[in-house]
Amino acid sequence: MKINRLIVMQCFAICTLCLSLAGYGQGQQGVMIDKIIARVDNHYILNSELEEMYGSYAQNGQKAPEKCQILESLIINKMLLAKAEIDSVTVEDKDVDNELDGKMNYMIQRFGSEKNLIEAYGKSVENLKTELRTQVKEQKVVEKMQRTISGNVKITPSDVRKFFNAIPKDSLPYIPSEVEIGHIVRLGTVTREQKDKLKNQLLELRARAEKGEDFAMLATIYSEDVGSAKNGGDLGFAKRGAMVPEFEGTALGLKPGEMSNIVESQFGFHLIKLVETRGAEYHARHILLRPDYNKGTDMSSALRVLDSLRILIKSDTLKFAKAALNNSEDKETAETGGIIQDRNTQLGRLTLDASMDPALYFAIDTMKVGDLSIPVSYRTEDGRSAMRILWYKSRSEPHTANLRDDYEKISQIVLSNKRNHALEEWFKKAQGDVFISVEPEYKNCKILGLSNGSDT
């Protein structure tokens, strides 16, 4: 059995980013007749899922794999989900909600505005989030299962050399120019006017709750924390350290049934009601209101900080990596010294071609290696207004692959192959733990060794 791990990983990514939601476009194209084409334990795969996935590749300008490959990848994902249930592998709701918020902000940015998104899908943002949440949760469970299966796989320099030496010299790949780019990001701050507006809204809700209105109902109606709002703002029991300090400190200072004053955190403004405590755990509800980072954002503080850092870095008083680690508000790159990583390879080298982020491509087009840009406007992946300075660290010339210059890239291929082998071995064993059924019309696919609607 050969499993294309890349397709496995792409399945949910494409589906999620494109919001392949049931019902989208049906009003214009007619209702699609749907049916179950495969089953893995209690998880089903619909014909519409297969067709939407197939179409998603074209929408993203990619060549679509064969439908048999796509169906196999969908079945593999369902196997991972089924085994996750058997093995009690779960993900935290707050992690799902954070991922969901990021993807929704990406979609709003992609459509230009929240209004455009609503008009395109004919659904409110909250309804879209509700429908997308299951996909996001399944994606995170699948990723966690993959890490569980292949996370302990290691490679040695000997493995890398053996792999490279086995490649015929006339088959070595040609590596295009690659660049290392670092950035330090500072977010715009919410204006006092907008903060006061949100605080006043929460104070009004607090007063209504004090007069007898149900806190849970108010949370359901007004809270912008999608994950908990549908449950009346209920966050369930949380262990100490699970929430941001501002939230946890306030919640633990309350008595059961007591409401807090307004609490500001990185997520927005909270009104908290403690339900109960149980040993080292506490149970709370909250109402969250988020600032609109596209409106009323003050960039002056971000500009001042970046200007100061730029002066220190250019005078060699402060190293860029340390400045990024201690000051960048892009936490993902701050931990890598500000170096932007390729999302596909997870390496800190970006291919210098049309696949690069256009904003980066045109920015470094006017820079030389070693240059540090002035502060420029930036929009984060979750839609926040920000500013950043760019550092053009290095550039490699096009060349034929070799161990000296491309060791990291080659080692990633070896590691991926080894992890893929671990997944293949896992799937061989896992097939006996789950029920798999494929419809006869896909008999020629021979998915996971099954055909003619065979069951296992």
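A quick note: this is a predicted structure, and the numbers were derived from the prediction, not measured.

### Observations regarding the pattern of salt bridges
Tallying each qualifying case throughout the model produces 24 salt bridges. We note a salt bridge from Lys319 to Asp316, for which the minimum N-O separation is 3.0 Å. Of the two residues, Lys319 and Asp316, both sit in the exposed class. Through salt bridges that share partners, Glu178, Glu180, Arg349, Lys393 and Lys409 make up one connected network.

### A look at the side chain of His283
Here His283 is to be found in strand S9 (residues 281-289). If we skip the residues at most four places from it in the chain, His283 touches Asp234, Gly236, Phe237, Leu274, Val275 and Glu276.

### Comments concerning the confidence of the model for the protein
Summing up the model confidence of the protein, the mean pLDDT is 83 and the portion of residues at 70 or higher is 87%. Highest mean pLDDT in the protein belongs to helix H14 (residues 320-327) (96); lowest belongs to helix H2 (residues 26-29) (40). Scored below 50 in pLDDT, residues 1-32 shows 76 contacts in the model against residues more than four places distant or in partner chains.

### Description of the state of the cysteines
Two cysteines whose sulfur atoms are joined by a covalent bond form what is called a disulfide. As enumerated under the stated definition, the model contains one disulfide in all. Here Cys68 engages in a disulfide with Cys445; their sulfurs sit 1.9 Å apart. On the S-S bond that ties Cys68 to Cys445, the torsion sits near -65°, and the link is left-handed. Linking Cys68 in helix H4 (residues 67-86) with Cys445 in the segment after strand S15 (436-438), this pair joins segments that are 377 residues apart in sequence.

### Regarding the sheet that holds S9
Pairing is antiparallel in the open sheet, where four strands are placed in the order S6-S9-S8-S7. Sheet topology places strand S6 (234-239) and strand S7 (263-265) at the edges, where each strand pairs with a single neighbour. The sheet shows a mean angle of 45° between the axes of neighbouring strands, taken without regard to direction. With nine bridges connecting them, strand S8 (residues 268-278) and S9 associate as antiparallel partners. In the sheet register, Lys273 faces S9, and the bridge partner there is Arg285. Packing against the sheet, helix H10 (residues 215-222) makes contact with S8 and S9, and its axis sits at approximately 45° to S9.

Quick notes on the rules
By convention here, each chain's residues receive numbers from 1 onward along its written sequence. Given that the model is predicted, a residue must reach a pLDDT of at least 70 before its local features are reported, and side-chain atom pairs must reach 80 or more before they are shown or counted; all residues, however, enter totals for whole chains, interfaces and linings. With hydrogens and water stripped out, all remaining heavy atoms of the structure feed into the side-chain values. Should a side-chain nitrogen of Lys or Arg be within 4 Å of a carboxyl oxygen of Asp or Glu, the pair is scored as a salt bridge. Each residue's exposure class comes from its accessible area (1.4 Å probe, protein chains only) as a fraction of the maximum for that residue type: buried when under 20%, exposed when over 50%, partly exposed otherwise. Every helix listed is a DSSP run of H or I at least four residues long, and every strand listed is a run of E at least two residues long, numbered separately from the N terminus. Throughout, a residue-residue contact means that at least one pair of heavy atoms, one from each residue, lies within 4.5 Å. For every residue, the pLDDT score states the predictor's confidence, bounded by 0 at the bottom and 100 at the top. Here, a disulfide means two cysteine sulfur atoms that sit within 2.5 Å of each other. Strand pairing is defined by DSSP finding a minimum of two bridges between the two strands. Lines are fitted to the C-alpha atoms to define the axes, a helix being fitted only along its stretch in contact, and any angle between axes, read from their N-to-C directions, falls within 0 to 180 degrees.

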